[in-house]
Amino acid sequence: MTQLATRSANKIVRPLKVLVPLIARELAEGAQAGLEHYRRAGEMLVEAKEQMPYGGWGRWLSKNFALSQTTAIRYMRLAAVVEVSPH
């Protein structure tokens, strides 16, 4: 982990100002290197969404990323599927 984090209900919670550059980096690397970066971006998008007030996530997403809500949800689902899969 590159930034300090706190735990809340067994999940790591990083401030939004920390998440934005981390998500942006994973999205940029995902375009070049593939699925694992998109999965990690999805994990952080879930983390960010949990901090948003009702109705605020879409505005935050469009303000910080050139990413549609549909694409963001796909990345978030990818993260959820990988979490459930046994290794």
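Quick caveat, the model's predicted, so the values are computed rather than measured.

## Regarding the overall build of the chain
Scanning the chain for helices and strands turns up four helices and two strands. For the chain, the succession of helices and strands along the chain, N to C, is β-β-α-α-α-α. Excluding contacts between residues fewer than 6 apart, the proportion of contacts in the chain whose partners are at least 24 apart in sequence is 48%. Summed over its atoms, the accessible surface of the chain is roughly 5,900 Å², and 55% of this surface lies on carbon and sulfur atoms.

## As for the packing of helix α2 (residues 35–49) against helix α3 (residues 57–64)
It is at 10 Å that the axes of α2 and α3 come closest, and there the two elements cross at 130°. Taken together, the axes of α2 and α3 are oblique relative to one another. Regarding α2 and α3, the two cross each other, and that crossing is right-handed. Residues Leu45, Ala48 and Lys49 of α2 form the contact with α3, whose own contacting residues are Trp57, Trp60 and Leu61. Taken together, the residues that form the contact of α2 with α3 break down as five nonpolar, no polar and one charged.

## Side note on the environment of Arg77
Its location among the elements puts Arg77 in helix α4 (residues 69–84). Here the alpha-carbon distance between Arg77 and Val46, two residues 31 residues apart in the chain, equals 9.2 Å.

What counts and how
Residues numbered from 1 in each chain as written. Predicted model: local features only at pLDDT ≥ 70, side-chain atom pairs only at ≥ 80, totals over all residues. Heavy atoms only, no water. Helix = DSSP H or I, 4+ residues; strand = E, 2+ residues; numbered from the N terminus. Contact = heavy atoms within 4.5 Å. Areas by Shrake-Rupley, 256 points an atom, 1.4 Å probe, with all protein chains shown as cover. Axes fitted to C-alpha atoms, helices over the stretch in contact; angles between N-to-C directions. Parallel < 35°, antiparallel > 145°, perpendicular 65-115°, else oblique. Left-handed = near helix turned anticlockwise from the far one by under 90°. Nonpolar A, V, L, I, M, F, W, Y, C, P; charged D, E, K, R; others polar.

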